[in-house]
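Given next are the chains, with one letter for each unit.
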Amino acid sequence: MIREIITPLTYDIIKNLKAGDFINITGKIYTARDSAHKRMITDLENNKPIPIPLEGNIIYYMGPTPAKENQVIGSAGPTTSNRMDSFAPTLMDLGLKGMIGKGERSPEVIESMEKNNVIYFAAIGGAGALLSKHITNVKVIAYDDLGTEAIRELTVDKLPVIVVIDDKGNNLYKLEKDKYRSI
Amino acid sequence: MRIINTNDIIENIKEMCIEANLYLSSDMEKAIKESVKIEKSLIGKQVLELLDENMLIAKDKNIPICQDTGMAVVFIEMGQEIAIEGDLLEDAINEGVRRGYKEGFLRKSVVDDPLLRNNTKDNTPAIIHYNIVKGDTFKITIAPKGFGSENMSRIFMLKPSDGVDGVKKAIINTVDELGANACPPLVIGVGLGGTFEKCAFLAKKALLRPINESSNIDHIKELEETLLNEINKLGVGPQGLGGIVTALGLNIETFPTHIAGLPVAVNICCHVNRHVTREL
């Protein structure tokens with residue numbers, strides 16, 4: 001069964017999400033990938049404010065293709081999350097509640113997710129055309145000079161994702177792989 | 001002597017960059033459709049169905065299959081009886097890529113310096129491989145390569161005594177450890193032999209072969225089949241979320257090597273294994 005959640009995330013929503021759940025996300029989410037993360041962390045180190053309102057929000061690790069005139073956004077699938085692993089715990093300590101990407105996370109990230117009650121969703125990698133259909137509005141809110149890596153506020157309508165690591169540390173990448181392993 | 005003008009090359013490369021990013025080759029399409037039927041994991045099956053739907057949306061809406069429209073890898077096969085008229089060939093290739101990525105609304109993902117990292121804003125330079133052959137053919141292949149999977153690729157300089165078991169172990173362990181990040185179901189290109197750089201090139205070249213076309217060397221064909229079978233027993237599954245469809249194909253290209261070495265390169269590609277070839 002597919003469940004729908006509406007952003008921002010609250011503890012009540014998070015505690016009911018389990019690894020393996022198919023979820024549709026509606027509301028606002030924010031994009032940031034490698035360069036944007038690096039810049040945000042540098043800003044924090046210099047005691048400057050960062051452009052994403054973190055509390056209760058979700059970061060989508062994504063850099064889209066350019067939109068044509070009749071489109072809101074181009075192809076918009078997830079990038080590999082583990083490149084953001086060294087930055088993620090700091091953002092979670094500051095209130096970030098959800099991440100959307102693809103692939104495994106480091107033990108430090110999972111530990112911070114458990115400590116801060118954070119959910120990690122996977123969007124389907126390589127399905128950027130399909131995912132773009134669920135993005136209804138896009139606004140670049142910071143780091144415009146980074147092009148595709150700029151921070152964007154997305155309005156999403158039933159964005160399809162899967163809970164892959166929940167806030168109890170249940171990890172679909174490990175649990176499901178073991179079920180089908182015969183080597 | 002046949003003369004080819006670089007304007008022709010630019011135009012073709014432009015079109016091929018766009019075509020490669022919007023449409024998958026028929027062998028890939030067919031493999032994805034068939035994988036839905038055999039996948040045992042329910043989550044895996046749903047993922048594969050969505051990938052199939054994604055291909056249709058890309059075609060229908062003229063939108064890239066994947067947002068990572070890659071770094072353009074260009075293979076040129078040029079007969080030695082061809083003369084190039086116009087610009088420098090390399091400049092023409094890069095101009096074609098520049099126009100393709102701009103006019104096709106493809107993502108510009110190339111940075112000018114690996115450490116300073118300023119985006120070149122036109123996806124150039126391309127990675128270009130030249131191969132001079134007999135006759136007057138001029139064949140261009142464009143293979144945009146995304147880095148989600150490129151980053152999960154590895155090279156191993158094994159000892160001759162490691163033998164075929166060492167080769168199998170290196171390849172299978174790479175997929176086991178890293179495959180989940182590379183958007184499975186995967187296509188795996190393997191290079192065996194040569195030198196360090198030749199081996200990596202062979203692995204890339206192996207990705208260009210149709211995934212259902214086996215090696216014409218008997219023992220290599222057997223190795224391809226064994227490896228694909230073993231990799232699909234790892235449990236990684238579609239998107240690394242568990243299942244029996246981890247890889248759709250595995251191709252090996254070989255080359256003679258040195259008495260002291262056994263190079264093995266594994267170039268992992270996701271299901272968006274793009275490549276378009278045209279002959280001018």
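Residues numbered from 1 in each chain as written. Chains lettered and ligands numbered in written order. Predicted model: local features only at pLDDT ≥ 70, side-chain atom pairs only at ≥ 80, totals over all residues. Heavy atoms only, no water.

J.: What's the story with the overall build of chain A in this structure? I'm lost.
T.: If you tally the helices and strands in chain A, you get six helices and seven strands. Secondary structure of chain A in N-to-C order comes out as β-α-β-α-β-α-β-α-β-α-β-β-α. Taken over C-alpha atoms, the radius of gyration comes to 16 Å for chain A, in line with the 16 Å a tight globule of 183 residues would show. Seen through its C-alpha atoms, chain A measures out along the principal axes to roughly 45 × 40 × 35 Å. Buried residues in chain A amount to 58% of all 183 residues. Across chain A, contacts joining residues at least 24 apart in sequence account for 62% of those joining residues at least 6 apart. Element-wise, carbon and sulfur atoms account for 50% of the exposed surface of chain A, whose accessible area totals about 7,400 Å². Each charge class in chain A was averaged separately, 23 positive and 23 negative side chains, and the resulting centres sit 4 Å apart. (Helix = DSSP H or I, 4+ residues; strand = E, 2+ residues; numbered from the N terminus. Rg over C-alpha atoms; globule rule 2.2 N^0.38 Å. Buried < 20%, exposed > 50% of the residue type's maximum accessible area, 1.4 Å probe, protein only. Contact = heavy atoms within 4.5 Å. Areas by Shrake-Rupley, 256 points an atom, 1.4 Å probe, with all protein chains shown as cover. Lys, Arg positive; Asp, Glu negative; His and termini not counted. Charge placed at Lys NZ, Arg CZ, Asp CG, Glu CD.)

J.: Explain the domain arrangement of chain B here, please?
T.: Accessible area lost upon the coming together of the parts serves often as the stated size of an interface. Residue and element names in this part refer to chain B. Under the domain assignment used here, chain B contains domain 1 (2–20 + 65–145) and domain 2 (148–271). Contacts between the two partners involve seven residues from domain 1 and, on the opposite side, 10 residues from domain 2. Counting the surface lost from both domain 1 and domain 2, the interface buries some 580 Å², and carbon and sulfur atoms represent 76% of this. Its largest share of buried area at the contact with domain 2, domain 1 owes to Phe75, His129 and Lys145, together 76% of the area lost on that side. One can count one salt bridge joining domain 1 with domain 2. A salt bridge links Lys145 to Glu150; its shortest N-O distance comes to 3.0 Å. (Domains from an automatic or database assignment. Buried area = accessible area lost by both parts, 1.4 Å probe. Salt bridge = Lys/Arg side-chain N within 4 Å of Asp/Glu carboxyl O.)

J.: Looking at this structure, how should I read the sheet that holds strand 10 (residues 276–279) of chain B?
T.: Strand-to-strand pairing in sheets goes through backbone hydrogen bonds, with the strands running parallel or antiparallel. Residues and elements named next belong to chain B. Read from one edge of the open sheet, four strands run 4-2-5-10, paired in mixed fashion. Each edge of the open sheet is held by one strand with a lone partner, namely strand 4 (127–133) and strand 10. Ignoring strand direction, the axes of neighbouring strands in this sheet form an average angle of 15 degrees. The pairing of strand 2 (residues 71–79) with strand 5 (residues 138–145) spans eight bridges and is classified as antiparallel. Each bridged residue has a counterpart across the sheet, and for Val74 the counterpart in strand 5 is Ile142. (Pairing = 2+ DSSP bridges. Axes fitted to C-alpha atoms, helices over the stretch in contact; angles between N-to-C directions.)

J.: Whenever I open this one, the UniProt feature "domain: Fe-S hydro-lyase tartrate dehydratase beta-type catalytic" (unreviewed entry) in chain A confuses me. Can you help?
T.: Listed under "domain: Fe-S hydro-lyase tartrate dehydratase beta-type catalytic" (unreviewed entry) in the UniProt record, and renumbered for this structure, are residues 9–174 of chain A. Segment residues 9–174 of chain A splits into 25% helix and 27% strand. End C-alpha atoms: 25 Å apart. (UniProt positions renumbered as here; feature names shortened; annotations may be inferred.)

J.: What should I look at first to understand the packing of aromatic side chains in this one?
T.: Under the criterion given, the structure shown has one aromatic pair over all chains. Seen in terms of ring centroids, Phe75 of chain B and Phe201 of chain B are 6.0 Å apart; in terms of plane orientation they differ by 45 degrees. Their pairing is tilted. Taken together, the residues Phe75 of chain B in strand 2 and Phe201 of chain B in helix 7 (residues 196–206) connect sequence positions 126 residues apart. Geometry around Tyr143 of chain A places Arg39 of chain A over its ring, the cationic atom sitting 5.0 Å from the centre. Here the guanidinium or amino end of Arg105 of chain A rests over the ring plane of Tyr120 of chain A, the centre of that ring lying 4.8 Å away. (Phe/Tyr/Trp six-rings, centres within 6.5 Å; stacked < 30°, edge-to-face > 60°. Lys NZ or Arg CZ within 6 Å of the ring centre and 35° of its normal.)

J.: What should I look at first to understand empty space enclosed by the protein in this one?
T.: Rolled over the atoms, a probe as big as a water molecule pinpoints where empty space is left. Residue and element names in this part refer to chain B. Applying the stated criterion across every chain, the model contains two cavities of 30 Å³ or more. Taken as a whole, the largest cavity holds about 70 Å³ of empty space. Considering the residues around the largest cavity, the lining is formed by Ala143, Pro144, Lys145, Lys204, Leu207, Leu208, Cys269, Val272, Asn273, Arg274 and His275. A per-element tally of the lining of the largest cavity places strand 5 first, with three residues. (1 Å grid on protein atoms, 1.4 Å probe; cavity = no way out; pocket = protein on both sides within 12 Å on 5 of 7 lines; lining within 4 Å. Points joined across faces, edges and corners; volume = space filled by probe spheres on them.)

J.: Explanation requested: the interface of chain A and chain B in the structure shown.
T.: Taken residue by residue, the interface counts 42 residues in chain A and 44 residues in chain B. For the pair chain A and chain B, the summed buried surface comes to about 3,500 Å²; carbon and sulfur atoms form 61% of the total. Between the two partners, chain A and chain B, sit two salt bridges. Viewed at the interface, chain B and chain A are joined by 17 residue pairs in polar contact (both at pLDDT 80 or more). The set of elements that each furnish at least two residues to the side of chain A that touches chain B consists of helix 5 (128–132), strand 7 (151–165) and helix 6 (172–180) of chain A. When residues of the side of chain A that touches chain B are assigned to their parent elements, the largest contribution, five residues, is made by helix 6 of chain A. (Polar contact = N/O pair within 3.5 Å; in protein donor to acceptor, adjacent residues only side chain to side chain.)

J.: Looking at this structure, I do not really get the layout of surface pockets. What am I missing?
T.: Estimated volume of the largest pocket: approximately 1,100 Å³. For the lining of the largest pocket, the secondary-structure elements that each account for two or more residues are helix 2 (34–45) of chain A together with helix 5 (147–150) of chain B. Among the elements that take part in the lining of the largest pocket, helix 2 of chain A stands out by supplying four residues, more than any other. Around the second largest pocket, the lining is made up of 17 residues, and of these Phe75, Glu77, Thr141, Lys205 and Leu208 of chain B lie nearest the centre. Taken together, the elements giving at least two residues each to the lining of the second largest pocket come down to strand 2, strand 4, strand 5 and helix 7 of chain B. Grouping the constituent residues of the lining of the second largest pocket by class yields six nonpolar, five polar and six charged. Each of domain 1 (2–20 + 65–145) and domain 2 (148–271) of chain B gives at least three residues to the lining of the second largest pocket. (Nonpolar A, V, L, I, M, F, W, Y, C, P; charged D, E, K, R; others polar.)

J.: Help me understand helix 2 (residues 26–38) of chain B in this model?
T.: Residues spaced three or four apart along an α-helix point in a common direction, a consequence of the helix completing one turn every 3.6 residues. Residue and element names in this part refer to chain B. Between its terminal C-alpha atoms helix 2 stretches 19 Å, which fits the 18 Å expected from 13 residues at 1.5 Å a residue. Taken residue by residue, helix 2 has Asp27, Met28, Glu29, Ala31, Ile32, Ser35 and Val36 as its buried positions. Of the surrounding elements, those touching the buried residues of helix 2 are helix 3 (42–61), strand 7 (186–193) and strand 8 (247–255). (Expected span 1.5 Å × (residues − 1).)

J.: Quick question: what am I supposed to make of the packing of helix 6 (residues 163–178) of chain B against helix 8 (residues 218–231) of chain B here?
T.: The description of two helices packed together rests on the angle between their axes and the distance between the axes. All names here are of chain B. At a closest axis distance of 10 Å, the pairing of helix 6 and helix 8 adopts a crossing angle of 40 degrees. The handedness of the crossing between helix 6 and helix 8 is right-handed. In contact with Val164, Lys168, Ile171, Ile172 and Val175 of helix 6, helix 8 contributes Leu223, Thr226, Leu227, Glu230 and Ile231. For the contact of helix 6 with helix 8, the class distribution of residues is seven nonpolar, one polar and two charged. (Left-handed = near helix turned anticlockwise from the far one by under 90°.)

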